[in-house]
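The primary structure of each chain is shown beneath.
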Amino acid sequence: MPPAKSLFTHGGIAPSPEKKEVKEAQKAGVCVILKKRDKSFFKHLADTPDECLPVLATAHLSWIDFAVEDVYRDGKLVAKTFGFSDELSARILSDDKSNYYDFNEEFGMRFPSVRVEAFNVQVIPLAVFVRQGLVLTIHAKSSNRLVKFSRYADSFFQKIPKDSGAPEQLTILLARIINENNDRNFDYLRELEEQGDLLSSQLVKNEIEREKVGKDVYRMKHALIRYLDTLWASLDVINALRHGDPNLLTNDKEILRQFTLMADDINRQIQLSEHMSSVLVSGLEVMQTIYNNQLQLLNNRVTHVMTWLTVSTTTTSSCVHLPVAVSSI
């Protein structure tokens, strides 16, 4: 009889990266914990939230990530399974623009996770719930937002100072998760830059399809505006963490400085996006100027032809009606 497969990834022969990646992709949930007793770390993979509850009972610090079909619909059940109140999950997982709520013993946030395909900017919510010793993240299966971080999360846990207090450890973990989401969002700005470069190459051509390029410029600008909205939303949440002073987080200024650095990074991304938008507007104006010049040249040619035809017609008419002198005999 073959040995039973364990859901735990520690101990025994480590699987190859390829097999490990496939295995983790097949699981809906990942639970990484720091044990209470010996302060050891391990990762647990699960198909349902209930499978993580026995593991969570032994944890001093833990991060649980679950992928669901629909964050707004399914996220409330996942949050409730791990002890978060219905009121908090209802507020976080709603269509309300506010995306940060603090109930002292627990608080939650909703971050935008971005996916860009050509000019299409998709915004998928990433819900984050925090209580003492636990950070819970819920995202859609289509986003795969924290898959990369989950592969080395246990290694990250080992770098968290074991002698630091619970608020400090929780703050370090939360900051790393938020920063991972921000970094993934920033990556998509490069794709928008590539699209902008392709549009620029179209504008320098002597003959351009004005209608098509004009529509592409508009779509590009709309994509940038939508991307900017996600940056502003992320910045609002981070500023709330910086200035709201949640009771569960540390007051250590050095650790809290990570949120300030993240805010600075987002502000730089906002400036880059606004600069790209300005460049696009300038390109559209240049294209309009070129089009107007082409119209003016065409008008000048038509005027020249009409003038030539008028002169030619007048000269011909004069020759036809030229009076003949009859000599007197």
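Just so you know, these numbers come straight off a predicted model, no measurement behind them.

Draft legend 1. Molecular detail of the overall build of the chain. Counting its regular elements, the chain contains nine helices and seven strands. Counting the 329 residues in the chain, one finds 41% classified as buried. Here the analysis covers contacts within the chain between residues at least 6 apart in sequence; of these, 65% occur between residues at least 24 apart. Working note: accessible area of the chain is about 18900 Å², and carbon and sulfur atoms make up 54% of it.

Draft legend 2. Broad picture of unusual backbone geometry. Positive phi, normally seen in glycine, also occurs at Asn104, with a value near 70 degrees. With respect to the helices and strands, Asn104 occurs in the loop between β4 (100–102) and β5 (106–117).

Draft legend 3. How the structure looks around the environment of Asp95. In this structure, Asp95 sits in the loop between α4 (86–92) and β4. In sequence terms Asp95 and Tyr72 are 23 residues apart; their C-alpha atoms lie 8.6 Å from each other.

Draft legend 4. The arrangement of helix α3 (residues 71–81) in detail. For α3, the set of buried residues is Val71, Gly75, Val78 and Ala79. Take α3 and look down its axis: the buried residues cluster within an arc of 100 degrees, on one side only. Exposed and oriented more than 90 degrees from the buried face of α3 are Arg73, Leu77 and Lys80. Against β3 (59–68), α4, β6 (120–131) and β7 (134–140) lie the buried residues of α3.

Draft legend 5. Region of the structure containing the packing of aromatic side chains. All told, the structure shown has seven aromatic pairs when counted by the stated rule. An angle of 55 degrees between the planes, with centres 5.0 Å apart, marks the rings of Trp63 and Phe149 as tilted. One end of the pair, Trp63, is in strand β3; the other, Phe149, is in helix α5 (residues 147–151), and 86 residues separate them in sequence. Like Phe149, Trp63 is buried. Considering the side-chain rings of Tyr100 and Phe107, the 6.2 Å spacing of their centres and the 50 degrees angle between planes classify their relative orientation as tilted. In this structure, Tyr100 and Phe107 share a single accessibility class: buried. Aromatic rings pair up to connect Trp63, Phe149, Tyr152 and Phe156 into one cluster. The ring of Phe84 is capped by Arg131, whose NZ or CZ atom sits 5.6 Å from the centre of that ring.

Cut-offs applied
- Residues numbered from 1 in each chain as written.
- Predicted model: local features only at pLDDT ≥ 70, side-chain atom pairs only at ≥ 80, totals over all residues.
- Heavy atoms only, no water.
- Helix = DSSP H or I, 4+ residues; strand = E, 2+ residues; numbered from the N terminus.
- Buried < 20%, exposed > 50% of the residue type's maximum accessible area, 1.4 Å probe, protein only.
- Contact = heavy atoms within 4.5 Å.
- Areas by Shrake-Rupley, 256 points an atom, 1.4 Å probe, with all protein chains shown as cover.
- Arc of directions from axis to C-beta.
- Phe/Tyr/Trp six-rings, centres within 6.5 Å; stacked < 30°, edge-to-face > 60°.
- Lys NZ or Arg CZ within 6 Å of the ring centre and 35° of its normal.

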